[in-house]
Each structure stands twice: as structure tokens, then as C-alpha cells.
Amino acid sequence: MKRLWLIILLLAPLAVFAQQVVISGNVVDEKTGADLQQVSISAGRVSVVTNEDGDFTLKLPEMPGSITVSHVGYKTRRVKVGEGQAEGLKIKLQPKTIQLREIIVLNEDPRELVDIAISKIPDNYSRVPELLKGFYRETAMKRKHYIYVAEGVEDLYKTPYNRSIGRDRVAIVKGRRLLSQKQGDTLGVKVMGGPVQAVVMDLVKNREFLLNKENLDAYKFTMGLPEFINDRQQFVVMMEPDCAMPYALYHGKLYIDCERLAFTRIELDLDMSDKDKATRTMLVKKPLGVRFKPRELSSVVDYRYEDGVTRISYLRNTFRFNCDWKRRLFATSFTATCEMVVTDSSSDGVQPIASRNSFDSRDAYYDKVEYFMDPDYWRSYNIIEPSESLDKAIRKLVSRYRRN
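All values reported here derive from a predicted model rather than from experimental measurement.

What should I look at first to understand the overall build of the protein chain in this one?
Summing up its helical and strand segments, the protein chain has 6 helices and 22 strands in all. Out of the 404 residues in the protein chain, the part that is buried amounts to 55%.

Any chance you could explain the nonpolar core here in plain terms?
Counting residues in hydrophobic clusters, the biggest one holds 71 residues, and the most contacted among them are Val 114, Ile 256 and Phe 263. When residues no more than four places from it in sequence are discounted, the contact partners of Phe 263 are Val 114, Ala 117, Ile 118, Ile 121, Tyr 125, Val 204, Leu 211, Leu 254, Tyr 255, Ile 256, Tyr 303 and Thr 310. Judged by nonpolar contacts, the second largest core, of 21 residues, contains Leu 36, Ile 41, Ala 43 and Leu 60.

Looking at this model, I keep getting lost on the sheet that holds strand β5 (residues 55-60). Mind explaining?
Working definition: the strands of a sheet are paired by backbone hydrogen bonds and lie parallel or antiparallel to each other. Taken in spatial order, the 3 strands make up an open sheet running β5-β2-β8, and their pairing is mixed. Only two strands of the sheet have a single neighbouring strand rather than two, namely β5 and β8 (89-93). Neighbour to neighbour, the strand axes of the sheet diverge by 35° on average, direction disregarded. Both strand β2 (residues 21-29) and β8 contribute to a ladder of 5 bridges, which runs parallel. Within β8, the position partnered with Val 28 by the bridge is Lys 92.

What's the story with empty space enclosed by the protein in this structure? I'm lost.
Where empty space is left can be seen by rolling a probe of water-molecule size over the atoms. Approximately 100 Å³ is the volume found for the largest cavity. Around the largest cavity sit Arg 45, Ser 47, Arg 304, Glu 306, Arg 311, Ile 312, Ser 313, Val 342 and Ser 345, which together line it. Elements with a minimum of two residues in the lining of the largest cavity: β19 (290-306), β20 (309-325) and β21 (332-346). For the lining of the largest cavity, the leading source of residues is β20, giving 3 residues. In the lining of the largest cavity, the residues fall into 2 nonpolar, 3 polar and 4 charged. Each pocket or cavity is described by its volume, and for the second largest cavity that value is around 40 Å³.

Even after reading the chapter, I still don't get the pattern of salt bridges, so can you show me in this structure?
A side chain of one charge can pair with a side chain of the opposite charge if their charged atoms are brought near each other. The final tally for this structure, using the stated rule, is 22 salt bridges. With a shortest N-O distance of 2.7 Å, Glu 296 and Arg 320 are connected by a salt bridge. In this pair, Glu 296 sits in strand β19 while Arg 320 sits in strand β20, placing the two residues 24 residues apart along the sequence. Looking at Glu 296, the relative accessible area reads 22%, which means it is partly exposed. Three or more residues joined by partner-sharing salt bridges are found here, namely Arg 111, Asp 115, Lys 213 and Asp 217.

So what exactly am I meant to see when it comes to helix α5 (residues 275-282) here?
What sets the pattern is the α-helix's 3.6 residues per turn: residues three or four places apart point alike. When we look at burial in α5, the residues that qualify are Lys 277, Ala 278, Thr 279, Thr 281 and Met 282. The N-capping residue of α5, defined by a side-chain oxygen 3.1 Å from the backbone nitrogen of Asp 276, is Asp 274.

Sorry, what's going on with the sheet that holds strand β6 (residues 66-70) here?
Spatial strand order, β4-β3-β6-β7: 4 strands in an open sheet with antiparallel pairing. In this open sheet, the two edge strands, each paired with only one partner strand, are β4 (46-49) and β7 (77-80). Direction aside, neighbouring strands of the sheet carry axes that sit 25° apart on average. In this sheet, β7 lies alongside β6 in antiparallel orientation, the contact comprising 4 bridges. Bridge assignment links Ile 67 to a residue of β7, and that residue is Val 79.

Explain the side chain of Arg 304 here, please?
Within the element layout of this structure, Arg 304 appears in strand β19. What makes Arg 304 buried here is its relative accessible area of 17%. Within the structure, the side chain of Arg 304 is placed 3.5 Å from the side chain of Ser 42, a separation counted as a polar contact. Those residues in contact with Arg 304 that lie beyond four places of it in its chain are Ser 40, Ser 42, Gly 44, Arg 45, Ser 47, Val 309, Thr 310, Arg 311 and Ser 313.

Can you walk me through unusual backbone geometry in this structure?
Among all residues except glycine, the phi angle is most often negative; among peptide bonds, the trans geometry is most common. Unusually for a residue other than glycine, Leu 261 sits at a positive phi of about 55°. As for its position among the elements, Leu 261 is in the loop between β16 (250-257) and β17 (263-270). One non-glycine residue, Asp 307, adopts positive backbone phi at about 55°. Relative to the assigned elements, Asp 307 resides in the loop between β19 and β20. Accessibility expressed as a relative area gives 60% for Asp 307, which makes it exposed.

The rules we used
Residues numbered from 1 in each chain as written. Predicted model: local features only at pLDDT ≥ 70, side-chain atom pairs only at ≥ 80, totals over all residues. Heavy atoms only, no water. Helix = DSSP H or I, 4+ residues; strand = E, 2+ residues; numbered from the N terminus. Buried < 20%, exposed > 50% of the residue type's maximum accessible area, 1.4 Å probe, protein only. Core = buried A, V, L, I, M, F, W, Y, C linked by side-chain atoms within 4.5 Å. Contact = heavy atoms within 4.5 Å. Pairing = 2+ DSSP bridges. Axes fitted to C-alpha atoms, helices over the stretch in contact; angles between N-to-C directions. 1 Å grid on protein atoms, 1.4 Å probe; cavity = no way out; pocket = protein on both sides within 12 Å on 5 of 7 lines; lining within 4 Å. Points joined across faces, edges and corners; volume = space filled by probe spheres on them. Nonpolar A, V, L, I, M, F, W, Y, C, P; charged D, E, K, R; others polar. Salt bridge = Lys/Arg side-chain N within 4 Å of Asp/Glu carboxyl O. Polar contact = N/O pair within 3.5 Å; in protein donor to acceptor, adjacent residues only side chain to side chain.

This is how it looks when you write it as C-alpha cells:
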């Protein structure tokens, strides 16, 4: 089984834009008023997701007639936009309830449903090479404050889904990093192979990770309650470890489109019952004398159906762990996240990314991008807007860097 890796190290010291249309706003739950994160906002093939505060900004070459707003468990909305009414939108999503008459009774074994969905992958997903444009961000927090932020725009070359991921490549178009200059932040976090997770964590295509007979035989499957994604009803299959393996298994939830039998969302949580196995899955390297205690490794992978093709659209990995130096009484908690949203896609005249220009799974993003403080750095690109807390943290990191 493929692994998601963290690497812990001691920190060392440290144009002209095309005219754009900007659509921005906030998405909330209609009933509770709560901000909704990871909501998909799209206009044609261009898309972004909301941040932790429910905020988004979508940049387009021209004004669309409307944008599509969709989220798991909610009714999809198409919001009209136009000149003078495209910024500061307040969008309310209505929860989608399952009526008893809508529930489809499935007599088959849920494992059999998963196997059928796997057999339909070549038909449901792209049959031609594609070039995806994505925005990637990874962060690390020590307790409740940010000590590291790195982000960038990337190109992702994808071969057809009837092939392996062997020739899929990721290349950094533009990237930056921001590091804490606080004296007490001597222990930092690097995510190994971060941008390449857009290849490795495309679980529908990279079936070596999970969706193969050897791995699936280690799980038991049950049917969960149906859900809706983009107004399409989904089977929900729950996965639980069913036997002991040499490596840590996952607790999972698979969303499968009821009509097309395509995987549309996969949620995984690493089983933490055996701390040694969990540590081997998460950790690559640490300083001598540091004790590592895993707490969580969770993953979400979303796919979006458009123009008769299902494509990867968003992924997020969250690592939580404690570290302490030997002979210290209290441990320090750390949280590392990495997420990627596909902002655009093309299948016309697509050329592979050369190996010499691609990001390697053994690389750390930290080592591949430079410290950069330009406030208009992402002016021409679609990104995941930083949450209010992250935006404040970025300003603090920049301020400390300048003082030092």
C-alpha cells in the first residue's frame, strides 16, 4: 500500500496581467448560517473551493451568465451573476434531505457494488490525456499558530484512466513559502512529495493505494445512508478493517453515483489502534531525541462530473501528531495539511511534462520554492482563498521575516 509521508527536520535560517472578471463571496448553510468549507464553485471547467471561512474568489476571462455552487449533502445552486453584482455574494445552500421514496434498495453485497464501480472506471473517467491546472497549499501549525505556509500553482499531466499513473507528472508553475522566524519555533514540518499527491491520491486511477483486490480483501463493507452530490444521488459504502496487516489500514467512506456507478468522493481515516504501524505510514525522518506520537491522518478526494467525464477536482490531507523531546514533561501538538484544487482542465494539444521539469515524490515542496512576499503574487491565478486566521498568520510571518 502506498504511504502518505511527513518529514520532520530542524529549521535552518532562512508583470503584465490579462484583464479578468472577479467573482467572490461567502457560502453558508441556509438553516444554521454556518460557513461551509470545501464547497465547489465553478463556471464551465474553471473552478475553486471555499476556504474554512466559506469564502471564495473565482477569476475568469469573461463574465459568465451564472456560477454553479455544489457541496455534498446540499442542493446544488446556480447563481446568476453580472456586472456590478459579482463580488461580495452571500450564497445560502439548502441541505438535501433523503425522502424514503427516494431511497434505492440495493440487494447486492456492498463489496460487489465497489467491484462494479472499479470495472466501470475506464468508461466513466477520461479516455484521453489531459492537462489540469491546480492550486496547491500546505501549512503546518504548532499548537494553534502557523509556523509554515507554502503554496503554488501547478500543472498536472494525466494519462487516460485505463493506464497506470507511471507517466502522470506534476510541475510547479509558480510557488512561494513563508516560515516562522520566532525563536521558539525550532521544530518544523515538511510534507514529502506534497504536490505529487495529486497523482498518488487520485485513488480511482492509482488503484495500488486502495482499490485493488489484495487491499480490499482486508476490509469489511456495509451500506451507509444515501447522500447527494451535485443533485445526483450517491450510494455510500462504509469500509472498516477486517483483519491484521503488516501496515495500517483505513476507515473509509466511498461515494458512488447511483446512475453512472462512478466514484465521486472518497474519505479515509488511518486506523490509529496500532501506533507503531501508524507511525511507519506517516513518518519518514525526525531529529534524534524527538518522540513522535501519531494522532490523525485523514484524506478527502473529490471528483467532478462534467461534459460526460469525471475528473479529480479536490483533495485534502490532514496530519495531526504530537512531538516532544526526551525528558520533557509536556508534548507539543502539530497539525500539517496539504490541499489541491483543480482550477481548469484542457484536452486539446496536450503534451506530457518532461521528467526533468516534474516534481518528484521524494522531494519536499519547502526545498523547491523560494521565500516570496509580493502581496499581488496570485493576482492572475485562481487559488483557495486563505481563511481569516491563515491570512493573519501570513502577515505575521512576513512581518517577522522583515524584522529579522
